[in-house]
Every structure is written in C-alpha cells, then in structure tokens.
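Per-entry structural report
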Amino acid sequence: MMLNAAVIGYGWMGRLHAGGYRQLSWRYPELGVDVRLAVAADTAEPNREAAKVAGFERVVSDYREVLADPSIDVVSIALPSFSHREVALAAAAAGKPFWIEKPMGLNAGQSRDIAEAAVSAGLVTGVGFNYRRQPAIARARQIVRSGELGRITNARVWMLADYASSPGVAYTWRFSKDAGPGVVSDLLSHGTDLTHFLVGRISELSAQTGLFIPERPLPLGEGAGAWSTEVSSEKKAVENEDYVSVLGRTDSEVLVTLEASRVAIGPRAEYIVEVYGTEGSLRWNFERPMELQLIHSGERGYSTQLCAPGDGEYGRFQPGAGMQLSFDDPKTVEAADFIRSVLSGQQLVGSAADAWQAAEVSDAIVRSASSRAWEAVPEVSGPVTYDA
Ligand SMILES: NC(=O)c1ccc[n+]([C@@H]2O[C@H](COP(=O)([O-])OP(=O)(O)OC[C@H]3O[C@@H](n4cnc5c(N)ncnc54)[C@H](O)[C@@H]3O)[C@@H](O)[C@H]2O)c1
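Let me begin by describing the structure that accompanies this report.

Rules used throughout
Residues numbered from 1 in each chain as written. Predicted model: local features only at pLDDT ≥ 70, side-chain atom pairs only at ≥ 80, totals over all residues. Heavy atoms only, no water. Helix = DSSP H or I, 4+ residues; strand = E, 2+ residues; numbered from the N terminus. Rg over C-alpha atoms; globule rule 2.2 N^0.38 Å. Buried < 20%, exposed > 50% of the residue type's maximum accessible area, 1.4 Å probe, protein only. Contact = heavy atoms within 4.5 Å. Areas by Shrake-Rupley, 256 points an atom, 1.4 Å probe, with all protein chains shown as cover. Lys, Arg positive; Asp, Glu negative; His and termini not counted. Charge placed at Lys NZ, Arg CZ, Asp CG, Glu CD. Near = heavy atom within 4 Å. Polar contact = N/O pair within 3.5 Å; in protein donor to acceptor, adjacent residues only side chain to side chain. Nonpolar A, V, L, I, M, F, W, Y, C, P; charged D, E, K, R; others polar. Pairing = 2+ DSSP bridges. Axes fitted to C-alpha atoms, helices over the stretch in contact; angles between N-to-C directions. Phe/Tyr/Trp six-rings, centres within 6.5 Å; stacked < 30°, edge-to-face > 60°.

All right, on to the overall build of the protein chain then. Counting its regular elements, the protein chain contains 10 helices and 17 strands. The C-alpha atoms of the protein chain give a radius of gyration of 20 Å, which matches the 21 Å a tight globule of 388 residues would have. The buried share among the 388 residues of the protein chain stands at 55%. Across the protein chain, the fraction of contacts at a sequence separation of at least 24, relative to all contacts at a separation of at least 6, is 71%. Taken as a whole, the protein chain presents about 15,500 Å² of accessible surface, with 50% of it coming from carbon and sulfur. Here the protein chain carries 36 positive and 48 negative side-chain charges, and the mean point of each set is 1 Å from the other.

Given below as structure tokens:
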C-alpha cells in the first residue's frame, strides 16, 4: 500500500521525519506500506532545494497547498513551535492525520486546542517524543514495570545541553517569547514525557527558572535554522528561559526532580534518567545511549548492560547486541508508531494528548516560577498513551 506524506517545515526535524518515512518499508515490512515523500513545504528556498535533492516529488512554500491536496494521506508538522497550532488546526480541518513535533503548542491552551481538534476530527496523531523510543528506555520501562526494582520511590531526570552556552550563538526563533518558555518547553518537555513514560504523571510541582545569557547576535541568511552559525553585529534580547529546575511528585507519590539547561558548559547533551526503588535502581545517559546501568540491593556497583535485540525496537536496526543506533533511528520508530495508528484507525503509542499533558507540566512550571509556590498539574482528558 502506498501512502503519500507531506512534510511541513524541512529543517532539522523535517529531514528526520522524511528519513523515518523512507525507512518504513524495509525496517517495518510487516506494515505493508511504502510512504512516498510526496511534498515538502518550507518558506526558505534553500530548504526547498534540499527537499528536492532528498527525493520529494514536489516542493512548495505555502503549507496550505499541501493541506488542500486530496492525494496527501499523512502530514508531518516540523515547524518552529509558534506555528504548530495554526498548521495543526488546519490539518485537522482538512482531515489529515498529523505527526507533530514537540513542544506541540506554546502552552497548555494551544496544546489542548490541537489535541481536541484531532479527536473531534476523528484523526490519529503522532508526537515527536523520540527519547521514549530509545531501546534502553524501553528496557528500563520493562524493568520498572516488572517490579524488579521494588516499589519505585523517586526519579531524577536532567537534560543539560550546551547548544546555546556561547553568547555568540545566533538569536533564532528558539530564543523568542513566541517560542514559549524556552528550555522549559524545548528540552524539558522530553524529560517530562520520559518521567510520565517511566514512573507516571507528574501531578504537582515547584519550579525555578533562569535566563543567563540575556542577548544574542542576529543570524545572517535566509532560512537560518536553529544551528545558524553566521551572525551579524546586531543583537537582540533573549525572551525566554535558559534554565529550569523542578521538584515534583507523581499521582502515585513517586518523588521526582527534573532539570534542564541549554547553556550548560561541560555537558554536551547529557540527558540522564535515574529511577530508584526499594530493591534497586537504574540509570541511562543519552550520551551513551546503548548502555543501561542497573543495580540491585546488596550489590556493590552498577552493572552496565548493552542494548540487544528485544530491547524496544533495537532489533529493527541491528541484528546483534552492543552495536550503536543513530540519533535518527528512534525517529523511524516514531514514524512506524504513527503510521501503525493511521493504518489501524486506533490511537496507538505517541499521541497529541501526551504532548498536551507535558504542556500542562510546562505551564505549571511557569506558574510556579512566578508564584514561588507549589502548583497542581491538571490531568488532560485526551487519549494519553504514556501509561499504555
Ligand atoms: N524531537 C526532537 O528531539 C526535536 C529536536 C529539535 C527540534 N524539535 C522540534 O521540532 C520543531 C522544528 O525544529 P527544528 O529544529 O527542525 O527547526 P528548524 O529551524 O531547523 O526548521 C524549521 C523549518 O521550518 C521552516 N518554516 C518556518 N516557517 C514556515 C512556514 N510558515 N511554512 C513552512 N515552513 C516554515 C523553516 O524554514 C525551517 O526549515 C520545533 O517544534 C522543535 O521544538 C524536536
């Protein structure tokens, strides 16, 4: 069966969505689907050219052309976050199932609009929480759920990155208030989803945030993406958060601490998850993604287990244990989850409602940082899948 896909926004994530679609026919042959890269929409000419070279049959600059095209079966939304709501609502109105990047909306209200529009239109969705598709995380979840660690008492998740640690990093859309609360929704939303996925929904929290690099130089060049290196001498004030730390608890009283920074000097992409129980604990570091550290009560140190077939979707990519997956491979898993939902008509793993629940946490963080008080996190009413 052939499905025609459109990718709206052909920057970093748009390219990974395209790569995910392209790999489905050989990584997931049982789906019996070949996803054709039918059209890419991007406002920047260099990115449209890149999409052509990558094999898209057609490129356009206006996303509305894509949504008006009856031959398009599925749509990826990989735009700067401030455009997600407009385009996702238009996709829902056009009856196109969509796979959308995180953070889905700029806040919980926008995220709710998107999730509810999809449900009202009877559409399944996919969401860009790729870290939960890491094989070691899948294994960690299995261990947590098996009871091997005893009663889960607490968890720590931190996402410390240096991508904006230099004051010379260009001011792109990520640093504007139009992009939402900075690192809170950008990086920490992944940490929030990992927390939900591994130990349950965060129900209340106390948070603080910081802005450490107050201005940045403007980028040069059309379609300058998030990693633009050419900058002008003109500077602009940064409008959202560089840093966040959170104390929280889940519905089942697991105590959690979360932290994220985009300006850490030292860690490069140190995304660490630790889950502690009465009988043991586990630890995963994205900088060494194929390793899971595990310890049981009474042992003197962690044992390190390398990923192997059977750990999540590892076996789709490598036949033997101890090999590496790329950053992009979990995006192929995400594509498969989305297309499986599309083919079955059932909302399977990874939904807009999951992103809405993460956005409720981001909103509570913003409220708490301002009120300096604990804030409750509302539970969403959509079809969440983090606990499935
Ligand atoms: N899942 C992840 O790990 C992950 C990583 C990075 C980014 N993201 C998310 O993915 C989304 C995109 O981020 P990115 O890093 O790919 O950004 P990017 O800047 O690299 O790409 C965005 C693209 O959208 C295009 N664009 C902007 N406005 C447009 C419009 N109106 N119509 C058509 N095209 C338009 C730009 O020209 C650019 O090519 C964001 O929501 C971001 O938070 C997710």
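Okay, the site of the ligand next. Neighbouring residues of the ligand: 26 residues in total, closest Met-13, Asp-42, Asn-47, Lys-102 and Asn-130. Within the contact set of the ligand, an oxygen atom lies 3.1 Å away from a side-chain nitrogen or oxygen of Trp-173. With respect to the ligand, the side chain of His-190 contributes an N or O atom lying 3.1 Å from an oxygen atom. A total of 850 Å² of accessible area belongs to the ligand in isolation, and the protein chains cover 90% of it. Within the shell around the ligand, the residues separate by chemical class into 11 nonpolar, 10 polar and five charged.

On to the sheet that holds strand E16 (residues 303–306). Overall, mixed pairing links the nine strands, which are arranged E16-E15-E14-E13-E7-E12-E11-E8-E17 in an open sheet. Two strands bound the open sheet, and with one partner strand each, they are E16 and strand E17 (375–376). Bridge count between strand E15 (residues 291–296) and E16: four bridges; the pairing is antiparallel. Across the sheet, Gln-293 pairs through a bridge with Thr-304, a residue of E16. Sitting on the sheet, helix H6 (residues 135–146) is in contact with strand E7 (152–161), strand E13 (269–277), strand E14 (280–285), E15 and E16, with an inclination near 20° to E15. Lying over the sheet, helix H8 (residues 188–199) contacts E7, strand E8 (202–210), strand E11 (243–250), strand E12 (255–261) and E13, oriented at roughly 155° with respect to E12.

This part takes up the packing of aromatic side chains. Inspection of every chain in the model, using the stated rule, returns 13 aromatic pairs. Geometrically, the ring pair formed by Trp-99 and Phe-338 is tilted, given 6.1 Å between the ring centres and 40° between the ring planes. In this pair, Trp-99 sits in strand E5 (residues 98–100) while Phe-338 sits in helix H9 (residues 329–344), placing the two residues 239 residues apart along the sequence. Taking relative accessible area as the criterion, Trp-99 reaches 0% and is therefore assigned buried. When its relative accessible area of 1% is taken as the criterion, Phe-338 is described as buried.

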